[in-house]
Amino acid sequence: MGFRVGQGLIERFTKDTARFKDELDIMKFICKDFWTTVFKKQIDNLRTNHQGIYVLQDNKFRLLTQMSAGKQYLEHAPKYLAFTCGLIRGGLSNLGIKSIVTAEVSSMPACKFQVMIQKM
């Protein structure tokens, strides 16, 4: 879900952008420009182990802010993140990076997206 939308958005956002140097450069673009255009804010934190795993943390994710800040909806929150996982995966796919994207919510409205790069 969201894969095709991510591909289309990245195509539009990168048409006037210079080529990316490496994987980290692409992830920075996703966290700054892509995220800002889609969600009106940058990712709060980007971490990597430099071995193909990136963790994008958003402390106030827009799609979860309307839900209760308590634990009441915590188990339902991942359903709302499936589309965003697809957006990220589709965007990366169009930039030549095959990946697996998972989401995790430990406290609302913060969430983490883990991106595992698949080496070809």
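Residues numbered from 1 in each chain as written. Predicted model: local features only at pLDDT ≥ 70, side-chain atom pairs only at ≥ 80, totals over all residues. Heavy atoms only, no water.

Where an unreviewed UniProt entry is consulted, the protein appears under the name Trafficking protein particle complex subunit 6B, with the organism given as Lepidothrix coronata. You can read under Function (unreviewed entry) in the UniProt record for the protein the words "Component of a transport protein particle (TRAPP) complex that may function in specific stages of inter-organelle traffic. Specifically involved in the early development of neural circuitry, likely by controlling the frequency and amplitude of intracellular calcium transients implicated in the regulation of neuron differentiation and survival." The UniProt entry for the protein carries this comment under Sequence similarities (unreviewed entry): "Belongs to the TRAPP small subunits family. BET3 subfamily." (UniProt positions renumbered as here; feature names shortened; annotations may be inferred.)

Engineer: For this particular structure, what's the right way to read the sheet that holds strand E2 (residues 53-58)?
Structural biologist: Each strand in a sheet pairs with its neighbour through backbone hydrogen bonds, running either in the same direction (parallel) or in the opposite one (antiparallel). The four strands are arranged E1-E2-E4-E3 in an open sheet whose pairing can be described as antiparallel. In this open sheet, the two strands that pair with only one neighbour each are strand E1 (45-48) and strand E3 (99-104). Recorded for the sheet is a direction-independent mean angle of 15° between the axes of neighbouring strands. Here E2 runs beside strand E4 (residues 111-117); their pairing, made up of six bridges, is antiparallel. (Pairing = 2+ DSSP bridges. Helix = DSSP H or I, 4+ residues; strand = E, 2+ residues; numbered from the N terminus. Axes fitted to C-alpha atoms, helices over the stretch in contact; angles between N-to-C directions.)

Engineer: Would you mind showing me how to read unusual backbone geometry here?
Structural biologist: In this model, Met108 is joined to Pro109 through a cis peptide bond whose omega is -5°. Positive phi, normally seen in glycine, also occurs at Lys40, with a value near 65°. Residue position: Lys40 is located in the loop between helix H2 (23-39) and E1. A positive phi angle, near 60°, is found at His50, a position not held by glycine. When you line up the elements, His50 lands in the loop between E1 and E2.

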